[in-house]
Amino acid sequence: MENCLLQGAVLKAANSPRNSNPPPAAKPPPAAKPPPAADRPPAADTSARVRREVWYEGRVQGVGFRYTTRRIADRFQVTGFVKNLPDGRVWLVAEGAADEIERFLGAVQVELGRTIAATRRRGGAASDEFSDFGISL
């Protein structure tokens, strides 16, 4: 009988509000990957849009540079163009949110860096003259 009373007292003590501690917090689920560029809404604040022009030098023509750049652009919310120049350089113009442009240009560098010998960059305010990112002939 003592055993039963003791067990009951232990159960009561364990269930009393004075001794109850909240359960440990559950870990949040892993962050989801962002949706593809086509599924993402456009940037809401157009005043934050910027323009970046980049001139690439090196072995940047005849190696699929423009087509690869356009394919990379599909993963980002950017507009503009990429174009071969007569002097052997490639000219890229991109507009979008500043952080998105930097991620885009970083991805171009990572994927095509082996063909790039030098770059020259210029920035400014977006003109909003482009509706997508394409290859200019």
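Above this text sits the structure in question.
Residues numbered from 1 in each chain as written. Predicted model: local features only at pLDDT ≥ 70, side-chain atom pairs only at ≥ 80, totals over all residues. Heavy atoms only, no water.

Asks: Please clarify how the pattern of salt bridges should be interpreted in this entry.
Replies: Pairing between side chains of opposite charge can happen when their charged atoms approach one another. Within the structure shown, the criterion is met by eleven salt bridges. Of the charged contacts in the structure, one is a salt bridge between D99 and R103, with a shortest N-O distance of 3.6 Å. Of the two residues, D99 and R103 both sit in helix 3 (residues 98–112), four residues apart, roughly one turn of that helix. (Salt bridge = Lys/Arg side-chain N within 4 Å of Asp/Glu carboxyl O. Helix = DSSP H or I, 4+ residues; strand = E, 2+ residues; numbered from the N terminus.)

Asks: Looking at this structure, how should I read helix 2 (residues 65–73)?
Replies: Every α-helical turn comprises 3.6 residues, leaving residues that sit three or four positions apart pointing alike. Along helix 2, the positions that sit buried rather than exposed are F65, R66, T68, T69, I72 and A73. An end-on view of helix 2 places all buried positions within 165 degrees of arc, on one side of the element. At its buried positions, helix 2 is contacted by strand 1 (49–58), strand 2 (79–84), strand 3 (90–97), helix 3, strand 4 (116–125) and strand 5 (133–136). (Buried < 20%, exposed > 50% of the residue type's maximum accessible area, 1.4 Å probe, protein only. Arc of directions from axis to C-beta. Contact = heavy atoms within 4.5 Å.)

Asks: Explain the environment of L105 here, please?
Replies: Inspection of the secondary structure assignment puts L105 in helix 3. Counting along the chain gives eleven residues from L105 to A94, while the straight-line C-alpha distance between them is 8.8 Å.

Asks: Please clarify how the pairing of strand 2 should be interpreted in this entry.
Replies: Along a regular strand, successive side chains alternate from one face of the sheet to the other. Note that strand 2 and strand 3 share six bridges and pair antiparallel. From the neighbouring strand, F81 faces strand 3, where its bridge partner is V93. Between the end of strand 2 and the start of strand 3, which pair antiparallel, lie five residues, with G88 showing a positive phi angle near 95 degrees. Relative to strand 5, strand 2 runs parallel, the two sharing four bridges. Residue V82 lies in a different strand from strand 5, and its bridge partner there is I135. (Pairing = 2+ DSSP bridges.)

Asks: Could you clarify how one ought to interpret the sheet that holds strand 3 in this entry?
Replies: Adjacent strands of a sheet pair through backbone hydrogen bonds, lying either parallel or antiparallel. Reading across the sheet, the five strands line up as 4-1-3-2-5 and stay open at both edges, with mixed pairing between neighbours. A single partner strand is all that each edge strand has here, and the edge strands are strand 4 and strand 5. For this sheet the average axis-to-axis angle between neighbouring strands, irrespective of direction, equals 15 degrees. This element, helix 2, spans strand 1, strand 2, strand 3, strand 4 and strand 5 of the sheet and lies at about 170 degrees to strand 5. Set on the sheet, helix 3 makes contact with strand 1, strand 3, strand 4 and strand 5; between it and strand 3 the angle comes to about 145 degrees. (Axes fitted to C-alpha atoms, helices over the stretch in contact; angles between N-to-C directions.)

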